[in-house]
Structure formats: structure tokens, C-alpha cells
Amino acid sequence: NQPIKNLVVNAEPLKQGLYSKVYLQVGTFDSIGRAEDLKEKLAGLLAETVSMMPFYRGQGVLYRVRIGPLANIEASEVLAEKLRVLGVAESHAVVE
């Protein structure tokens, strides 16, 4: 048996390329109903666009709820703080 080495995964800070888009992902669900509920709730509270996107994987479909596109990473951090105040504790920036 060899010891397991510590791995560093994605240690680079998120960077926004010239043509990339920034989103704030606020949830991933295996139920389309739960994803729709969160999408509708946030759409009623925010000026930003809230969307639900299917993500196909081997075990089935997951539904991602995202806000954006946003202007930049900094805007996603400001929005994440606003969402925490509104009771949405978990979110993370996605650059595509």
C-alpha cells in the first residue's frame, strides 16, 4: 500500500476570459419541480436573469439553477452576499 498523496484541485482563481460568461450557480437538483421552485422564487426577488439548465449524466438528469450572465466575478461575489441575506447560503461562480 502506498500513501495517498495530497492533491490540489483547481487551485487557480477563477478567471474571466474575453468572451466567457459568468454565472452564479445556486442549486443543482435531481427534481425538476424543486429546481423550478427555486428559479421562480429567485426570479421574483432579483433583477438578474434566473435560468434552469439540464445537465445530462450517466445516472440521469440534474437541473442547475443559475443567475446570469453577470458582468464579472466581482458581481457574482456581490450577488452571492445578497443571496445569503435572502436565505440562499450555497452558491458558486461558474465561468463558461
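Look up: the structure comes first, before these words.
Residues numbered from 1 in each chain as written. Predicted model: local features only at pLDDT ≥ 70, side-chain atom pairs only at ≥ 80, totals over all residues. Heavy atoms only, no water.

Asks: What exactly am I supposed to notice about the pairing of strand 3 (residues 60-70) here?
Replies: Across a regular strand the side chains alternate sides, sitting on one face of the sheet and then on the other. Strand direction decides the pairing type here: strand 1 (residues 22-29) and strand 3, joined by 6 bridges, are antiparallel. Paired with Phe29 across the two strands is Tyr63, which belongs to strand 3. Two elements, strand 2 (residues 50-57) and strand 3, share 8 bridges in a ladder whose sense is antiparallel. If you follow Pro54 over to strand 3, its bridge partner there is Tyr63. Counted between consecutive antiparallel strands, the loop separating strand 2 from strand 3 contains 2 residues. (Pairing = 2+ DSSP bridges. Helix = DSSP H or I, 4+ residues; strand = E, 2+ residues; numbered from the N terminus.)

Asks: Which parts of the structure should I look at to understand the packing of aromatic side chains?
Replies: For any two aromatic rings, the description comes down to two numbers: the centre-to-centre distance and the angle of the planes. Taken as a whole and assessed by the stated rule, the structure comprises 0 aromatic pairs. The ring of Phe55 is capped by Arg64, whose NZ or CZ atom sits 3.9 Å from the centre of that ring. The ring of Tyr23 has Arg66 lying over it, and the distance from NZ or CZ to the ring centre is 5.9 Å. (Phe/Tyr/Trp six-rings, centres within 6.5 Å; stacked < 30°, edge-to-face > 60°. Lys NZ or Arg CZ within 6 Å of the ring centre and 35° of its normal.)

Asks: I keep staring at the environment of Leu45 and nothing clicks. Help me out?
Replies: Positionally, Leu45 belongs in helix 1 (residues 32-45). Leu45 gets classed as partly exposed once you look at its relative accessible area, which sits at 44%. Considering only alpha carbons, one finds Leu45 and Leu83, 38 residues apart in sequence, at a separation of 9.6 Å. (Buried < 20%, exposed > 50% of the residue type's maximum accessible area, 1.4 Å probe, protein only.)

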